[in-house]
Amino acid sequence: MIKRYMLATFWSAVLLLGWSGYAAAHSSLHHSDPTANSTVASPPVVQLWFSKPLEASFSKVSVVDGQGKAVDKGDGAVKGEDAKLLEISLPTLAAGTYKVIWRIVAMDGHKAKGEYSFTVK
């Protein structure tokens, strides 16, 4: 009976450690500017930093207004030498709430997507 318990405990630990390693392998949004749920003056760009380098040709970002209309300049891209930075330019935004929508593919092939809102005062 003790042997069976020890075997079950061992395999549970292996699965738990394996799962956490698998989850850690995925790229996730590390931080952004403007940040989620912040109130800011009209920002010239939205910048998203991820935990892992991104595949530039498969990573996209857009910014939409409260009606879902795109308000960005359409130049969203992984920028410069920092393969973890996804950036998009904005015109001067009117007061209101805006949503940042992103989809990425990390260099390891894993996909992720997300969105958040910020408010312009």
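### A few points about the overall build of the chain
Alright, step 1. A count of helices and strands for the chain gives 1 helix and 8 strands.
Alright, step 2. Starting at the N terminus, the α and β elements of the chain follow one another as α-β-β-β-β-β-β-β-β.
Alright, step 3. Carbon and sulfur atoms make up 62% of the accessible area of the chain, which totals about 7,800 Å².

### A closer look at the sheet that holds strand β3 (residues 45-50)
Alright, step 1. Strand order in this open sheet of 4 strands is β1-β3-β6-β5, and the pairing throughout is antiparallel. Strands with a single pairing partner mark the edges of an open sheet, and in this sheet they are β1 (29-33) and β5 (77-78).
Alright, step 2. As defined by bridge partners, β1 adjoins β3 across 4 bridges and the pair is classed as antiparallel. Directly across from Asp33, in β3, lies its bridge partner Gln47.

### Side note on the confidence of the model for the chain
Alright, step 1. The pLDDT averaged across the chain works out to 87; a share of 79% of its residues lies at or above 70.
Alright, step 2. Low pLDDT, under 50, characterises residues 12-24; the predicted model gives this stretch 2 contacts beyond four residues in sequence or across chains.

### Focus: the side chain of Ser32
Alright, step 1. Mapped onto the elements, Ser32 comes out in strand β1.
Alright, step 2. On the basis of relative accessibility, which here comes to 11%, the residue Ser32 falls in the buried class.
Alright, step 3. Only 3.1 Å separates the side chain of Ser32 from the backbone oxygen of Pro34, close enough to count as a polar contact.
Alright, step 4. Among the polar contacts made by the side chain of Ser32, one reaches the side chain of Tyr116 at a distance of 3.3 Å.
Alright, step 5. Leaving out residues up to four positions away in the same chain, Ser32 has contacts with Gln47, Leu48, Trp49 and Tyr116.

### Here's the deal with the sheet that holds strand β8 (residues 111-120)
Alright, step 1. Read across the sheet, 4 strands follow the order β2-β8-β7-β4 without closing on themselves; strand pairing throughout is mixed. The sheet is open, and its two edges are formed by β2 (39-40) and β4 (60-64), each paired on a single side.

### A closer look at the side chain of Ser59
Alright, step 1. Along the polypeptide, Ser59 turns up in the loop between β3 and β4.
Alright, step 2. Judged by its relative accessible area of 1%, Ser59 falls in the buried class.
Alright, step 3. Within the local environment of Ser59, its side chain forms a polar contact with the backbone oxygen of Glu55, the two atoms lying 2.9 Å apart.
Alright, step 4. Among the polar contacts made by the side chain of Ser59, one reaches the main-chain amide nitrogen of Val105 at a distance of 3.3 Å.
Alright, step 5. Those residues in contact with Ser59, other than ones at most four positions away along the chain, are Leu54, Val78, Leu86, Arg103, Ile104 and Val105.

Reading the values: the criteria
- Residues numbered from 1 in each chain as written.
- Predicted model: local features only at pLDDT ≥ 70, side-chain atom pairs only at ≥ 80, totals over all residues.
- Heavy atoms only, no water.
- Helix = DSSP H or I, 4+ residues; strand = E, 2+ residues; numbered from the N terminus.
- Areas by Shrake-Rupley, 256 points an atom, 1.4 Å probe, with all protein chains shown as cover.
- Pairing = 2+ DSSP bridges.
- pLDDT = per-residue confidence, 0-100.
- Contact = heavy atoms within 4.5 Å.
- Buried < 20%, exposed > 50% of the residue type's maximum accessible area, 1.4 Å probe, protein only.
- Polar contact = N/O pair within 3.5 Å; in protein donor to acceptor, adjacent residues only side chain to side chain.

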